[in-house]
Amino acid sequence: MLDRRIPEWLRHAPTPGVRGFAVLSGFEAVARGILISVMPITVYEILQDAQIVSEVYFAVGLLSLVIALLVPWMSRYVPRRYLYSSGCLTYLSGSLLALTGTAAGVIAGLAMLTVATVVTFISINAYLLDYIEKSQIGKVETTKLFYSALGWTLGPGLGVTLKTWWEPAPFLIAAMAAFCMLAVFLYLRLGNGKLITRAKAPAPNPLAFLPRFLAQPRLIAGWLFAVIRSCGWWVYVVYMPIYVVQSGLGSELGGWLLSLTNGTLFLTPLMLRWMQRRSVRTAVRTGFAVSGLLFIAATFVAGTPPITLVVLWLGSCFLILLDVSGGLPFLLAVKPSERTEMSAIYASYRDVSGVLTPGAAWVLLLFGPVSTVFAASGVALLGCWVMARKLHPKLGKERIAYAPAAVPAPKKAAA
């Protein structure tokens, strides 16, 4: 009798679906999007030196790389629900620390936000593979993009605008979004993922596949494409707002320009159609060539900030083209038997670029202004354009299946 009075959703947790993961992604987009342009400006306003800002981001990038390597090991001993919950709480704590306005608080907040991004990203991908059928993963990614669009499009511009009106506002909104992430996660009752039988052998270590990775030039080239593309985004997201502030144009302009760039994500279906009509090689080479030339051009017109920003924005549009096509050379070259381990190696491009970009900028800013970072990024992008000439012209094209020729039946002997 007592069981009849307990709601069904409490007795049997509903199976998480596409919309649940999309809602989590939407709240995360608000938490990250509203601070993505605020944090570089806040760090620069406190430290007043772009070189020191690079040092801070370099240290935070190293921390991110270490955490990314430790999370799989930690998941053996810490239940996954605790890992994801701790990531949400770290988002919340980092946002509140950053609004203190002190150098220690802002830097600690930046580090905590970076750690939270890594932990939640790895954890939610594991949940996704547990609860979503392979045939539905494409639908999940599309729905996640739809739910995240508002946060990534309006967040960067709205964040810097709210900061000028009331400085704690963007940090409080990010903290509220992180709290909503945790609340939705607890409502979905994802637990520790699906219960599976214990493996007879230990899981393969991705580092053991490093020699196989280094022995395949196509995989190395595909990984480098991803690293340099990500470096271009680091330059645009971190050093473009700093350039705007140094030029006296106000912090709001950099944030809204980043929002405009994120709005270009809605053109990705058209970019995908354009790539399909041509080839992956054409799309990759076009993206690296044009973005590289535009980032270099931004250095030469750095004395005219409005023109520089237009040129950088155009360059970011071709970085989005690389987001559509740049990962395909690696993914199409991976052998099915090595897909899991090579995917783990490929995912390291985010953390490697987070170390390389501020590290290179730290050195460059010893000898020149922020605009020299744009030129260095452009040179690296052009280097990938040269490297991409070796891609197969028909990479990614559907193969035509030829039916075997019909064998004529033997003639019957004449009676």
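Our structure is the block above this text.
Anyway, here's the lowdown on the structure attached to this text. (Residues numbered from 1 in each chain as written. Predicted model: local features only at pLDDT ≥ 70, side-chain atom pairs only at ≥ 80, totals over all residues. Heavy atoms only, no water.)

**Focus on the nonpolar core**
Phase 1: Core analysis: the largest hydrophobic core is formed by 80 residues, its most contacted members being M39 and Y239.
Phase 2: Setting aside chain neighbours within four positions, we find M39 in contact with Y57, A98, V106, L110, L113 and F171.
Phase 3: Listed in part, the 13 residues of the second largest apolar core include W223, A226, C231 and A333. (Core = buried A, V, L, I, M, F, W, Y, C linked by side-chain atoms within 4.5 Å. Buried < 20%, exposed > 50% of the residue type's maximum accessible area, 1.4 Å probe, protein only. Contact = heavy atoms within 4.5 Å.)

**Remarks on the packing of aromatic side chains**
Think of a pair of aromatic rings as described by two things: how far the centres are apart, and how the planes are tilted against each other in angle.
Phase 1: Enumeration according to the criterion identifies six aromatic pairs in this entry.
Phase 2: On the numbers, 5.9 Å between centres and 85° between planes, the contact of Y57 with W234 is edge-to-face. A residue pair is termed long-range when its members are at least 10 positions apart, and Y57 in helix α4 (residues 50–74) and W234 in helix α10 (residues 217–246) qualify at 177 residues.
Phase 3: With a relative accessible area of 25%, W234 lands in the partly exposed category.
Phase 4: Relative to F185, the ring of Y84 has its centre 4.6 Å away and its plane inclined at 35°; by these criteria the two rings are tilted. Of this pair, Y84 sits in helix α5 (residues 80–98) while F185 sits in helix α8 (residues 169–188), placing them 101 residues apart in sequence. (Phe/Tyr/Trp six-rings, centres within 6.5 Å; stacked < 30°, edge-to-face > 60°. Helix = DSSP H or I, 4+ residues; strand = E, 2+ residues; numbered from the N terminus.)

**Points about the environment of S279**
Phase 1: Within the secondary structure, S279 sits in the loop between α12 (268–277) and α13 (280–300).
Phase 2: The exposure class of S279 is buried, given its relative accessible area of 7%.
Phase 3: Between the alpha carbons of S279 and P393 there is a distance of 6.8 Å; along the sequence they are 114 residues apart.
Phase 4: A distance of 2.9 Å separates a polar atom in the side chain of S279 from a polar atom in the side chain of T282. (Polar contact = N/O pair within 3.5 Å; in protein donor to acceptor, adjacent residues only side chain to side chain.)

**As for the packing of α10 against helix α14 (residues 305–325)**
Phase 1: Following both chains from N to C, one finds α10 and α14 inclined at 155°, their axes separated by 10 Å at the closest point. Judged by the inter-axis angle, α10 sits roughly antiparallel to α14. The two elements α10 and α14 cross, and the hand of that crossing is left-handed. Facing R229, G232, W233, Y236, M240, Y243 and V244 of α10, the residues of α14 in contact are P305, T308, L309, L312, W313, S316, L319, I320, L322 and D323.
Phase 2: A per-class count over the contact of α10 with α14 returns 12 nonpolar, three polar and two charged. (Axes fitted to C-alpha atoms, helices over the stretch in contact; angles between N-to-C directions. Parallel < 35°, antiparallel > 145°, perpendicular 65-115°, else oblique. Left-handed = near helix turned anticlockwise from the far one by under 90°. Nonpolar A, V, L, I, M, F, W, Y, C, P; charged D, E, K, R; others polar.)

**Describing the packing of α10 against helix α18 (residues 371–387)**
Phase 1: Across the interface, α10 lies against α18 with an axial gap of 10 Å and an inter-helix angle of 160°. Classed by the angle they form, the pair α10 and α18 counts as roughly antiparallel. The two elements α10 and α18 cross, and the hand of that crossing is left-handed. Facing α10, whose interface residues are A221, L224, F225, I228, G232, V235, Y239, M240 and Y243, α18 presents V373, F374, S377, A380, L381, C384 and M387.

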